[in-house]
Each structure stands twice: as C-alpha cells, then as structure tokens.
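Below, each chain spelled out in residue letters.
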Amino acid sequence: MNPSHPNHAAVRRAAGAALALLLALGCAAPGARADGGAPGLARLERLVRAADAGALPALLAAQGDVMAGAYADRIAYLKLLHRAYVDRGDTAAAGQVAERIVRMARAQGDPLNTALGRLARAGATGGLGQTTALAAVNDIDVRHDDLRDPEFTAALQQAYGDAYLELGQYDFAHSRYLKALEIARRHPELLETSVNGLRLAIAKVYVYTRAPDKVLATLAAIGADGGALPPPSAARRFVIEGIAHVMKGHPDQGRAAYYKGLAIAHARGLALFEANALGNIADSWLEDGNYVEAERAARAALPFAAKASDPATRRIAEANLGFALAGQGHVAQGLAYIDRVLAEQRADGALPDMANVLLEKSRMLDKAGLLRQALQALQEQRAVAARLDAAEHENTAKVLQEQFEAQRRAIEIESLRRENAMKDAQIRKRRVWQLIASTGAAVALLLCGFVWVLYRRSVRTSRRLRELNEELAFHSTHDALTGLLNRPSFRGSSRRCSSIA
C-alpha cells in the first residue's frame, strides 16, 4: 500500500496536525511583546523561536512569576506556552492554554488576542471533518473582520489553507498559503506563520497534487532565515521529501529521507511520526520488491502507531504488512491483514484510504494469479472512486457555499456598521444643533435679563431725575429757611400783573 497517495489518511492527518501547528499563536501582539516585558520573557521567546527542547520546561518554571505581572507579560507568556505545547505535539494542553488566552484577552477588551486565541482554540480541536473546520475559520473571520494586524491576518490565511487542504480543495489551500507566506516575508518578527512553516505547508499541497518536483523545490527553499522548524515539522519535512522521491521512482532516495525523519522523531519521542516514517519505509521497500524488508519495517511501525492511538497510521502499517506477506507468497495471511483494514475503512467511511488499499489489493491478486478476486477488488475500487468524485463535487459546492455565506455575513456586518456610523453621525449632529440652540436660548435669556435690568435702572433714574427737577424748581422760588416765596418770585409776579394792566 502506498501511504503517500494525496488522498491518503496519513497525509490528510498530517494536514490536520498542521492546522493546530499553524494556529499556534506566535509572537506577542503590539503592546504584549515578550522582548519588552518581564525579565526572562525575551530569553523564553528565543528558546521557543529556536524550537529548543528546553523551552517548555523553562516556561513552566517561570509561570508563577510571569502570571503575577502585568497583562502584556501574561498574554505574551501564554502565547509562548501555547506554541511550546504545539511544538511538543500536546494538542490537548495547547487547547487549554488557547482557552485561557481567549478568556484573558476578552476580559481585558483585547480584540487582537481574543481573535488569535480563538484561532488557536479552533486549531487545537483538529479533525473537525467536512466543512466544520472551514465554517469555524469563517466565523472567526467574520467576527473580527475589522482587524488588520499582520499577526492575525497571516494566521487566518494559514488557517483557511489548512481547512481547504482538509477538504481536498488544493487550489484554494495553495492560494491561502501563498497569501500567508507573503505576509510572513514582510513580517519576519512573527513567531508562528513562519516562512519555513508555510513552505512546508505548500509542499504538502504539492504532495496531494502529485507534483514531486515542486515538492522538492519548495523544501529546498527552507533555510535558516525562515524560522526554525519544531521537531514535528522537521520530521514531517523529511517524510514529505521521501514521498516526493518515491513518486519520482527513486525509492532508495526516499528511504534516506524517511530515515532522517525517523531519527528526529525517535530522538524527541514522537511516536506518531515514527510510525509514519516506518510505514513509508515499508512502502518504499514494497516499491523495490523487497518484501522481507517491507515486512520488517511494517511490523516495527505497529507498536508506535498503537502508542500514538492513531487508527489511520496503524491501518497503513497493517496494510503494508499484508502486502509484504503476500509478496513473499503468504497470500492468505496477507489478505487477512488487508481485509481487516478494508473492513475498518468501510465502517469509518474512509473512502480515499479504502480506494488506495483496494487498488493495491487488485494488483497484488493479479500478480498472484487470482484474477477473479483481482477483478472484484478493482470493481469495488472504481465504485469507491466514483463516490469520491461525487463527494469531491459536493465538498466543492459546500466550500463555495461557505465562502458565499461568509461574504454575505461580512457584507451585512459592514452594512450595519456603516448604518450605525451614519446614525451616530446624525445623533452627533443633532446634539451639536441642540447644544447651539440651547446656548442661543440661554444667551437670549441672559440678554433679556440684562435689558430688563437696564430698563428698571432707567425707570429709577428717570424718576429720580424728575424728583430732583421738582426740588430744584421749588428751591428756585422759595426761601430755603422759611419756605416762603422769595423775592425773585414776587418780581416775576409783579411783572406779570403790570403787563396785564
């Protein structure tokens, strides 16, 4: 069985694991950068950036001191801790830290880290199936469509890429990864959504589309300037490189790459990657027709697959073991393994994996001279392939529907935002006019009061002036002491009398 087929569960599971990895929050947001925070955070960030094995223990040892500090230090610490757990492959712990990030950022009114925490939380769930992962990313996009921070934009684009890859929409995935890569190149300070991590994601797309030359060219571009790859990604890199070599018909070069990935996985205790590397090694020996070595590698993969509790990887190992046994002439014994794997795949609806196994089974039976059984296996494989084609069209329709719904929601939100902005502007304008009218009325009242005061004062002044004039007239005709008419008054009277005579 060839576990490198683009529709195979092993590669698809790797893509699902990458969703959690890319959504791990990288460097701290503005205002929450580790290098400007509490003492020791800068050192911890350097350990995480270098994918150092001591990063997680150092972070856990510093937790008490950092979490007693300011919000900027606490949120930066949690993001580093989340990344360290993802690098370790502990998605459960990473999910718990992501939930803490969401709660803390929401309580502080921090929209950027709330959105990043939600992306991390969605990535930690993994394996959502069908369009659920895409819908979750769409929901985060719509809720935070006003965020323009490159950290969020890059993580969002990569999350879209992983969701599309899970759905088998390789063109959409490739496009989103390229957008994220462009942002990461402009912002090398980003911890997650690193240039090398995105190159690895793009290489996975080329594995799915069976373009080995593009896979190798993309992997060759991974360098020290693009950010250190954590152990799971480093192991995955060599497994992907081996798949590309096998696709090109060079199983020996593929094995060399697989063994490099196996060494990294073994050194870090990454059971899932050990099982995956050994399963691919078994497949490369099957390509070479060396069924004894294929059996040895497949049997070695089984305990690691069981330790990782990953049914898909275990099925790959068992199927390869069955083909190796059949290649050595033990057809009945080999068919027992192969048919058990097929039964589990039918029960789980794992159609892509089932199609691969049926095709290899048909070829194996044909070589063994069991033509009727080979034809039956081939007919079933074609029926499964037809169902896969129909499901692919259905998934495409669902993806397009999700995109339409996301755009519609975004348009509605933008329309509501503009409507609210217009209403706010009208309210502000009305308040300004109300203020002007109130001020004018107050001024008018003050003026009226002032005029009334002036009028009352004028009345009092006029009254006093009349009184003074009357007093002046009285004193001009009367003696001040006796109050009798004075002499000028008599002369005036005489003149008036003589003139009458």
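What counts, and where the lines are drawn
- Per chain, the residues get numbers from 1 upward, laid out in the order the sequence is written.
- In view of the model being predicted, local features appear only for residues whose pLDDT reaches at least 70, and side-chain atom pairs are presented and counted only at 80 or more, with totals across whole chains, interfaces and linings using the full set of residues.
- Just so you know, side-chain values use all the structure's heavy atoms and leave hydrogens and water out.
- What counts as a salt bridge is simple: a side-chain nitrogen of Lys or Arg found within 4 Å of a carboxyl oxygen of Asp or Glu.
- Helix and strand definitions follow DSSP, with helices as H or I runs of at least four residues and strands as E runs of at least two, each counted in order from the N terminus.
- Burial status follows relative accessibility: with a 1.4 Å probe on protein chains alone, a residue under 20% of its type maximum counts as buried, one over 50% as exposed, and anything between as partly exposed.
- Any two residues whose heavy atoms approach within 4.5 Å at even a single point are treated as in contact.
- Helix axes use the C-alpha atoms of the stretch in contact, all axes being lines fitted to C-alpha atoms, and the angles between their N-to-C directions lie in the range 0 to 180 degrees.
- Put simply, angles under 35 degrees are roughly parallel, angles over 145 are roughly antiparallel, angles from 65 to 115 are roughly perpendicular, and the rest are oblique.
- Handedness of a crossing follows from how the near helix is turned relative to the far one, being left-handed for an anticlockwise turn of less than a right angle and right-handed for a clockwise one.
- All residues other than Ala, Val, Leu, Ile, Met, Phe, Trp, Tyr, Cys, Pro, Asp, Glu, Lys and Arg, Gly among them, are scored as polar; the first ten of these are nonpolar and the last four charged.
- Residue-level confidence of the predictor is what pLDDT reports, using numbers from 0 through 100.
- Under the pairing criterion, centres of Phe, Tyr and Trp rings, with the six-membered ring standing for Trp, must be within 6.5 Å; the plane angle then separates stacked pairs below 30 degrees from edge-to-face pairs above 60, leaving the rest tilted.
- A ring is considered to have a charge above it if a Lys NZ or an Arg CZ atom is located within 6 Å of its centre and within 35 degrees of its normal.

### What to know about the pattern of salt bridges
Item 1. In total, this model carries 18 salt bridges according to the counting rule given.
Item 2. Between Arg315 and Glu344 there is a salt bridge, and its shortest N-O distance comes to 2.9 Å. Residue Arg315 is located in helix 16 (residues 311-327), and its partner Glu344 is located in helix 17 (residues 331-348); the two are separated by 29 residues in the primary sequence.
Item 3. In this structure Glu344 comes out as partly exposed when scored by relative accessible area, which is 23%.
Item 4. Because the salt bridges share partners, they merge into one network encompassing Arg314, Arg315, Glu318, Glu344 and Asp348.

### A short note on the environment of Tyr85
Item 1. In this fold, Tyr85 is placed in helix 4 (residues 71-88).
Item 2. As a C-alpha pair, Tyr85 and Val97 span 12 residues in sequence and 8.8 Å in three-dimensional space.
Item 3. Beyond its immediate stretch of four places on either side in the chain, Tyr85 contacts Leu56, Leu60, Asp90, Ala93, Ala94 and Val97.

### Quick notes on the environment of Gln63
Item 1. Mapped onto the secondary structure, Gln63 falls in helix 3 (residues 55-66).
Item 2. Residue Gln63 is classed as partly exposed on the basis of its relative accessible area, which comes to 23%.
Item 3. In this structure, the C-alpha to C-alpha distance between Gln63 and Tyr77, residues 14 residues apart in sequence, is 7.9 Å.
Item 4. Excluding residues within four positions of it along the chain, Gln63 makes contact with Tyr77 and Arg100.

### Concerning the packing of helix 8 (residues 150-167) against helix 9 (residues 170-186)
Item 1. Following both chains from N to C, one finds helix 8 and helix 9 inclined at 160°, their axes separated by 8 Å at the closest point. The angle between helix 8 and helix 9 places the two elements in the roughly antiparallel class. In the packing of helix 8 onto helix 9, the handedness of the crossing is left-handed. Contact residues: helix 8 offers Pro150, Thr153, Ala154, Gln157, Gln158, Tyr160, Gly161, Asp162, Tyr164 and Leu165, while helix 9 offers Tyr170, Phe172, Ala173, Arg176, Tyr177, Lys179, Ala180 and Ile183.
Item 2. Grouping the amino acids of the contact of helix 8 with helix 9 by side-chain chemistry returns 11 nonpolar, four polar and three charged.

### Considering the confidence of the model for the chain
Item 1. Per-residue pLDDT for the chain averages 82, and the proportion of residues at 70 or more is 81%.
Item 2. Note that pLDDT drops below 50 for residues 3-37; the model gives that stretch 130 contacts with residues more than four away or on any other chain.
Item 3. Long-range and interchain partners of residues 493-501, a stretch whose pLDDT sits below 50, account for zero contacts in this model, where long-range means more than four residues apart.

### Considering the packing of aromatic side chains
Item 1. What the rule picks out here adds up to four aromatic pairs.
Item 2. Connected via pairs of aromatic rings, a cluster forms that spans Tyr160, Tyr164 and Phe172.
Item 3. Residue placement shows Arg176 over the ring face of Tyr160; its charged tip is 4.0 Å from the ring centre.
Item 4. Here Arg255 stacks its cationic end above the ring of Trp285, 3.6 Å away from the centre of that ring.

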